[in-house]
Amino acid sequence: MPALPGQAFANIVSLGDNGLALVQSSTSSFVDTFAYFRAGTESVIDFGLPEPAVSAFMNNAGLIGLNKQATSHDRFLHGYLFDPRTGTSTQLPPSSDPTDLNVLVEGINAGGDVLGYSFTDFFSPAYHERVGIWKNGVFQTYFFETLNTNILVFNDRDEIVITETEDGESYLVPTPGTRLDLAGLTSNVPAGVQLSLVTGIDNAGNIAGFAVDLDGNFFPFLLVTLGNGNPDPGPARVRAGVPASIAHASDKTHPHK
């Protein structure tokens, strides 16, 4: 995927089932431009915002959830939903809690639900964050936490995984108000590793990601749901690890708070 004219590099950040891709093209100073790409044609997107977008997520309909760059005159993070049919970006508000000042978008699913955080000031002595989903532009809290976490993924059933956390664990939020330790749901996690980085959950509940051991080695994993009556899969084997740069490739899409 070539970079846009005058820019240094590009990558595909979202790919739809219908062949539509969302491309992020960056200058050497890491100023980003986003474009739709289909069948060899690239169309630059004008989000209509005062500052450039720094990350974006697209669904099959071309709807985009995105984050705007913070600036010296506006240090808070803001998220938006862009609709290509109208060419407009609608700001996504934080929760109704007045201490929630920031919004960070982390994904969008087939139904147009937007995943993300509503959270307080970075420097607040009572830091908290709400993990939730914007439905029709209204934020719905799925879990309130004081733990600092960095990446969210979800599926079309609005099942959320919280990952890249300060305690090294990952958590499944199957319904609002319920957060489950992912390792505690898995029958055969090898000793000495944590399921620290989830990269995706599909609509059947299968989860992919990277585990990390005490030496900082990363190992790809796939967690497969087991129905009632299915036999225990037995012990898992830890094989060769992968470089941290590969395991953290999703960080380009999911900016850390």
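Please refer to the structure placed before this passage.
In what follows, the accompanying structure is described. All chains use their own residue numbering, which begins from 1 and follows the written sequence. Restriction of local features to residues with pLDDT of at least 70 applies here, the model being predicted, together with a cutoff of 80 or more for giving and counting side-chain atom pairs; totals for whole chains, interfaces and linings are based on all residues. The basis for every side-chain value is the complete set of non-hydrogen atoms in the structure, without hydrogens or water.

### Structural notes on the overall build of the protein
- When you go through the protein residue by residue, the secondary structure sums to 2 helices and 19 strands.
- The atom set for the radius of gyration is the C-alpha atoms, and the globule formula is 2.2 Å times the number of residues raised to the power 0.38. Taking 257 residues into account, the globule formula puts the C-alpha radius of gyration at 18 Å, and the protein, at 19 Å, falls close to it.
- Judged by the C-alpha coordinates and their principal axes, the protein covers about 50 × 45 × 35 Å.
- Residues counted as buried form 46% of the 257 residues belonging to the protein.
- Contacts: residue pairs with any heavy atoms within 4.5 Å of one another. Contacts in the protein between residues at least 24 apart in sequence constitute 36% of all its contacts with a sequence separation of at least 6.
- The Shrake-Rupley method, run with a 1.4 Å probe, gives the accessible areas here. Residue values count only the displayed protein chains as cover. Here the protein has roughly 12,500 Å² of accessible surface; of this, 55% comes from carbon and sulfur atoms. Strands are runs of DSSP state E lasting at least two residues, helices are runs of H or I lasting at least four, and both sets are numbered from the N terminus onward. The buried label applies to any residue whose accessible area, calculated with a 1.4 Å probe on protein chains only, is under 20% of its type's maximum; exposed applies above 50%, and partly exposed to all values in between.

### Description of the pattern of salt bridges
- Salt bridges, as used here, are contacts in which a Lys or Arg side-chain nitrogen is within 4 Å of a carboxyl oxygen on Asp or Glu. What the rule picks out here adds up to 8 salt bridges.
- Between E51 and K68 there is a salt bridge, with its nearest N and O atoms 2.7 Å apart. Highlighted residues: E51 in the loop between β4 (41-44) and β5 (53-58) and K68 in strand β6 (residues 64-68), separated in sequence by 17 residues.
- We classify E51 as buried; its relative accessible area is 12%.
- For K68, a relative accessible area of 3% corresponds to the buried category.
- Put simply, D158 and K135 hold a salt bridge, and the shortest N to O gap is 2.6 Å. Placement of the pair is D158 in the loop between β13 (149-154) and β14 (160-165) and K135 in strand β11 (residues 129-135), with a sequence separation of 23 residues.
- By relative accessible area, D158 is classed as buried at 8%.
- One salt-bridge network, held together by shared partners, links D97, D100 and R130.

### Notes on the side chain of N102
- Within the secondary structure layout, N102 lies in strand β9 (residues 102-108).
- The buried category is assigned to N102, whose relative accessible area is 1%.
- Within the local environment of N102, its side chain forms a polar contact with the backbone nitrogen of L77, the two atoms lying 2.9 Å apart.
- If we skip the residues at most four places from it in the chain, N102 touches F76, L77, P94, Y117, S118, F119, T120, D121 and F122. Here a polar contact is recorded for every N or O atom pair within 3.5 Å, except that within protein the pair must consist of a potential hydrogen donor and a potential acceptor, and residues adjacent in sequence are included only if both atoms are side-chain atoms.

### Quick look at the sheet that holds strand β19 (residues 218-223)
- Should DSSP find at least two bridges between two strands, the strands are regarded as paired. The strand order across the open sheet built from 3 strands is β17-β18-β19, with neighbouring strands paired in antiparallel fashion. Looking along the sheet, the strands with just one partner apiece sit at the ends: β17 (193-201) and β19. Within the sheet, the average angular offset between the axes of one strand and its neighbour, ignoring direction, is 30 degrees.
- Here strand β18 (residues 207-213) pairs with β19 via 6 bridges, running antiparallel. Residue A208 lies in a different strand from β19, and its bridge partner there is L222. Between N-to-C directions, angles span 0 to 180 degrees; the directions come from axes that are lines fitted to C-alpha atoms, helices contributing only their stretch in contact.

### What to know about the sheet that holds strand β2 (residues 21-26)
- Sheet architecture is open: 4 strands sit in the order β1-β2-β3-β4, paired in antiparallel fashion. For this open sheet the edge positions go to β1 (9-15) and β4, each flanked by a neighbour on one side alone. With direction set aside, neighbouring strand axes in the sheet form an average angle of 30 degrees.
- Sheet topology note: the β1/β2 ladder contains 6 bridges and is antiparallel. Its bridge partner lying in β2, S14 is registered against L22.

### Side note on a nonpolar patch on the surface
- Taken together, M1, I12 and L15 make up a surface patch of nonpolar side chains, about 300 Å² in accessible area.
- For M1, the location among the structural elements is in the segment before β1.
- Its relative accessible area of 39% is what places M1 among the partly exposed residues. Here a patch means residues that are over 30% exposed by relative accessible area and free of salt bridges, tied together within 9 Å if like-charged and within 5 Å if nonpolar (Val, Leu, Ile, Met, Phe, Trp, Tyr).

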